[in-house]
Amino acid sequence: MPANPKYLSNSKQRWAKMTLAILGGYIVTSLIHVGIGTLIADRKHLVGTSIYSSFLVWTGFMLFVFLSKSIRLVLWALLGLLVLFVPIIILTK
Amino acid sequence: MSKLKPLPKRLHNVLFHTHTVSGIVLSFVLFVIFFCGAVSFFKEEVYRWENPMARFKGPDEVDYDKVIAVLKSNNHCLLLDEGTTIIPPEKTNPFIELFYAVEGANGKVKRKNASIDPRSYMYYEGLPKHTTLINTIYRLHYLRQIPVIGIYISGFAGFFLIFAMVTGLLIHWKNIIEKFHAFQWKGKWKRIWTESHISLGFLTLPIQLIYGMSGALLGLSILLLLPSLYLFDGDREKIAEIIRPEFAIQYDKNASEQTNAISLNSLYKNITEEYSNFHIHKIFLKNFKKQDGTATVYYTDHKGIMGDGTTVFNLKDGAIAYRSIPYKKSYVSSTYALLIKLHYVTFGGLGLKVIYFILALITCYVITSGNMLWYSARDNKKYSDKQRQFHFKTTRIYLSLTLGLVSAVALMFWGNKLIPLHVENRVFYVNAIFFSGWLLFFSSGLLMKSFRTITNLNLILFSILSFGTPIFNGIITRDWVWDVFNSYNRSVAHVDITWFLLGIISMIILFKNQKREKTNEELA
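Residues numbered from 1 in each chain as written. Chains lettered and ligands numbered in written order. Predicted model: local features only at pLDDT ≥ 70, side-chain atom pairs only at ≥ 80, totals over all residues. Heavy atoms only, no water.

J.: Whenever I open this one, the overall build of chain B confuses me. Can you help?
T.: On a plain count of helices and strands, chain B comes out with 19 helices and eight strands. Relative to the globule expectation of 24 Å for 524 residues, the C-alpha radius of gyration of chain B, 26 Å, shows essentially globular dimensions. Along the first, second and third principal axes, the C-alpha set of chain B runs to 85 × 60 × 45 Å. Here chain B, with 524 residues, has 50% of them falling under the buried criterion. Residue pairs at least 24 apart in sequence account for 67% of intrachain contacts in chain B once pairs closer than 6 positions are excluded. Of the roughly 25600 Å² of accessible surface on chain B, 63% is carried by carbon and sulfur atoms. (Helix = DSSP H or I, 4+ residues; strand = E, 2+ residues; numbered from the N terminus. Rg over C-alpha atoms; globule rule 2.2 N^0.38 Å. Buried < 20%, exposed > 50% of the residue type's maximum accessible area, 1.4 Å probe, protein only. Contact = heavy atoms within 4.5 Å. Areas by Shrake-Rupley, 256 points an atom, 1.4 Å probe, with all protein chains shown as cover.)

Listed below in structure tokens is the structure:
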């Protein structure tokens, strides 16, 4: 019954994935929340929402990292989110 | 029964592996957190049991102005400006509890707590700490005993619980309906562990989500604060105001002295008249002696999940500075309050607490069955002897630790009665009994050769300790179950009866287990 190892990543990849899932997940969560927060008129609503949405977004990203076939895909996704949100955050600040 | 659509093979295997690994690592700490948390639901209800001094019936009305006068006369360096909290008498605790600040050596602010007997206005310093019992278990619940990082470990445990829950739901998805209907306590252990893990895990999904999210929020609020801080240019107070608007009021440290402040009793009456079905559970005073001083009154109906309100009065003239009306909260200030209420179950009454308690215990079972499932799926010839030894040892540590904790909690109730109330450093001795008991049960579990002996050992220990608890309480405090059952001390009887029932349940499991063992031997 245990998982079939042929589908699992090797140990080097595994550590990279764990780091990306936890740290990257937090970065992504913060980026998305700050990004949306700077766009909406009343920022305090975001604080109220982030209380429950943060951990869900974070979990979602962790799933994405563990499920993606390669680390490169995850890095591209991270880069994409950075390119999308950082200008918004800087411009609307 | 039709099967649900399974996940694609690769996804299933990857998720299965993350679920297994995160689950095994988490299981140790999660069991401790869930079990101690489940016991802590009844922190208030057990108070009369743990402190025989609290077994009296207080008067219906309390003179809060006198409470302040008593507090003042007992503390020379009292700092009323710093914030003083008054907890009015409750059904579960007839004392008035006070949390206040005094000026300690070299001008530092020192926080203290005291209790006042509402019959005689006798003043006791440090009483709640002195009778600690559930408090230690409650602190263990968020790993407070581990310095500095304990709270973050518990917060991350909550967060990874969400992850384990989602991956568990996804990998067991195809079996949920089928196993749910097929589930029975017969056959091979491996099958029982699998089916009960899936069906009971499915039933406890809501409570796991609630505790995953609120637990992570309580432990890791600092991580949530950082993005919000950026939005408000690093203004921490601004965020506190958004979540709890009653904190938005500004105080002047140098405001002039207040001479004729309004009576606290009249404010109390004001609220009880306006909200007759509500119960005032906290009064908070700030800048009490100053012109801009306020009294914040917190009240709840103990029923609805939004059924609590806050009113801030100016002490100068009794005008309302801020109020949050029950059932009419704004979105922003209610999300945090909602998760906290869901976590502490301060709504719905005792019945709901019992339901929560049972669901939390089932979650403990789900965690244990996950661990057993992991072991029994690997207990075959496909694995080398070394690997199998590792699987066995890990599960043995897990079982000794968790079952030992259950017995140790029962032992602590003995400890609470065995160490008399007036003993100096009492808290230390009671805690020593609990932790050394846990260590002893844990290490004796490690010496056992099979899981069955660990379970049986702890079932016997637990039964003896459970049956002994009401007897000890009767002998030492003279409040036998039948004496207190029909009085205001009913909660004492409830605790005793609960322990007696737990003892019986533990005996039943023990005998069933033995019977099963016998029939299995006959079959083999």
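J.: For this particular structure, what's the right way to read the overall build of chain A?
T.: Secondary structure summary: chain A contains three helices and zero strands in total. Starting at the N terminus and ending at the C terminus, chain A contains elements arranged as α-α-α. By the compact-globule yardstick of 12 Å for 93 residues, chain A is too spread out, its C-alpha radius of gyration being 16 Å. Along the three orthogonal principal directions, the C-alpha set of chain A runs to about 50 × 25 × 15 Å. Buried residues in chain A amount to 45% of all 93 residues. Residue pairs in contact within chain A that sit at least 24 positions apart in sequence constitute 75% of those at least 6 positions apart.

J.: Teacher, can you tell me more about the pairing of strand E5 (residues 279–286) of chain B here?
T.: For a regular strand, side chains alternate in direction, first toward one face of the sheet and then toward the other. Residue and element names in this part refer to chain B. Sheet topology places strand E1 (residues 84–87) next to E5; three bridges connect them, and they run antiparallel. Each residue of the ladder has a partner; that of Thr84, found in E5, is Leu285. In this structure, E5 lies alongside strand E6 (residues 294–300), joined through seven bridges in antiparallel fashion. Each bridged residue has a counterpart across the sheet, and for Ile283 the counterpart in E6 is Val297. (Pairing = 2+ DSSP bridges.)

J.: Looking at this model, I keep getting lost on the environment of Gly58 of chain B. Mind explaining?
T.: All names here are of chain B. In this structure, Gly58 sits in the loop between helix H2 (47–50) and helix H3 (64–74). Each C-alpha atom of the pair Gly58 and Glu90 lies 9.3 Å from the other, and the pair is 32 residues apart in sequence. Beyond its immediate chain neighbours, meaning those up to four positions away, Gly58 contacts Pro94, Pro118 and Arg119.

J.: Teacher, can you tell me more about the sheet that holds E1 of chain B here?
T.: Backbone-to-backbone hydrogen bonds join strands into a sheet, with any given pair of strands oriented parallel or antiparallel. Residue and element names in this part refer to chain B. Pairing within the open sheet is antiparallel, and its eight strands lie in the order E4-E3-E2-E1-E5-E6-E7-E8. Sheet topology places strand E4 (122–125) and strand E8 (320–324) at the edges, where each strand pairs with a single neighbour. Strand-to-strand twist of the sheet, defined as the mean angle between neighbouring strand axes without regard to direction, takes the value 20°. Sheet strands touched by H3: E1, strand E2 (96–103), strand E3 (109–117), E4 and E5. Its angle to E2, the strand with the most contacts, is close to 40°. Contacting E1, E5, E6, strand E7 (308–314) and E8, helix H12 (residues 264–274) runs over the sheet at an angle of about 145° to E5. (Axes fitted to C-alpha atoms, helices over the stretch in contact; angles between N-to-C directions.)

J.: Could you clarify how one ought to interpret the state of the cysteines in this entry?
T.: Where two cysteines share a covalent bond between their sulfur atoms, that bond is called a disulfide. Under the criterion given, the structure shown has zero disulfides over all chains. Lacking any disulfide linkage, Cys36 of chain B is separated from the closest cysteine sulfur, that of Cys364 of chain B, by 8.9 Å. (Disulfide = S-S within 2.5 Å.)

J.: Any chance you could explain the pairing of E6 of chain B here in plain terms?
T.: Residue and element names in this part refer to chain B. Burial analysis of E6 places seven of its seven residues in the buried class, which makes it a mostly covered element. Residues of E6 alternate between two faces, with Thr294, Thr296, Tyr298 and Thr300 on one and Ala295, Val297 and Tyr299 on the opposite face, all of them buried. Judged from the seven bridges that link them, E6 and E7 form a sheet pairing that is antiparallel. Along E7, the bridge assignment pairs Tyr298 with Thr310.

J.: Just checking my understanding: could you explain the pattern of salt bridges for this structure?
T.: Two side chains carrying opposite charge are able to pair once their charged atoms lie near each other. Residues and elements named next belong to chain B. Under the counting rule described, the total for this entry stands at twelve salt bridges over all chains. Across the pair Arg111 and Glu82 runs a salt bridge, and its minimum N-O distance is 3.8 Å. Here Arg111, found in strand E3, pairs with Glu82, found in the loop between H3 and E1; they are 29 residues apart in sequence, far enough to count as distant. The exposure class assigned to Arg111 is exposed, which follows from its relative accessible area of 53%. (Salt bridge = Lys/Arg side-chain N within 4 Å of Asp/Glu carboxyl O.)

J.: In this structure, what is going on with the packing of aromatic side chains? I would like to understand it.
T.: Two numbers describe a pair of aromatic rings. These are the distance of the centres and the angle of the planes. Following the criterion strictly, the structure yields 40 aromatic pairs over all chains and no others. Geometrically, the ring pair formed by Trp58 of chain A and Phe159 of chain B is tilted, given 4.3 Å between the ring centres and 35° between the ring planes. Of this pair, Trp58 of chain A sits in helix H2 (residues 44–67) while Phe159 of chain B sits in helix H6 (residues 150–171), on two different chains. Given the relative accessible area of 0%, Phe159 of chain B is considered buried. (Phe/Tyr/Trp six-rings, centres within 6.5 Å; stacked < 30°, edge-to-face > 60°.)

J.: Explain unusual backbone geometry to me, please; I cannot follow it from the model alone.
T.: Residue and element names in this part refer to chain B. The phi dihedral of Asn287 is positive, around 50°, even though this residue is not glycine. Residue placement: Asn287 occurs in the loop between E5 and E6. Backbone geometry at His302 places phi at a positive 60°, although glycine is not the residue there. Examined against the element boundaries, His302 turns out to sit in the loop between E6 and E7.

J.: Before we go on, may I ask you to explain the interface of chain A and chain B in this structure?
T.: Many analyses report the size of an interface as the accessible area lost when the parts associate. Each partner contributes to the interface: chain A provides 37 residues, whereas chain B provides 42 residues. Buried surface at the junction of chain A and chain B, summed over both partners, amounts to about 3800 Å²; 78% is from carbon and sulfur atoms. Across the chain A-chain B interface, the total number found is seven residue pairs in polar contact (both at pLDDT 80 or more). Element by element, the count of residues in the side of chain A that touches chain B is highest for H2 of chain A, at 18 residues. Residue composition of the side of chain A that touches chain B, grouped by class: 20 nonpolar, twelve polar and five charged. (Buried area = accessible area lost by both parts, 1.4 Å probe. Polar contact = N/O pair within 3.5 Å; in protein donor to acceptor, adjacent residues only side chain to side chain. Nonpolar A, V, L, I, M, F, W, Y, C, P; charged D, E, K, R; others polar.)

J.: Would you take a moment to explain a nonpolar patch on the surface for this structure?
T.: All names here are of chain B. A cluster of nonpolar side chains, contributed by Ile146, Val148, Ile149, Ile151, Tyr152, Ile153 and Ile222, occupies part of the molecular surface with about 590 Å² of accessible area. In terms of residue count, the dominant contributor to the nonpolar patch is H6 (three residues). For Val148, the location among the structural elements is in the loop between helix H5 (134–141) and H6. Of the residues examined, Val148 reaches a relative accessible area of 70% and is grouped as exposed. (Patch = residues over 30% accessible without salt bridge, like charges linked within 9 Å, V, L, I, M, F, W, Y side chains within 5 Å.)

In short, shape yes, function no, at least from these values alone.
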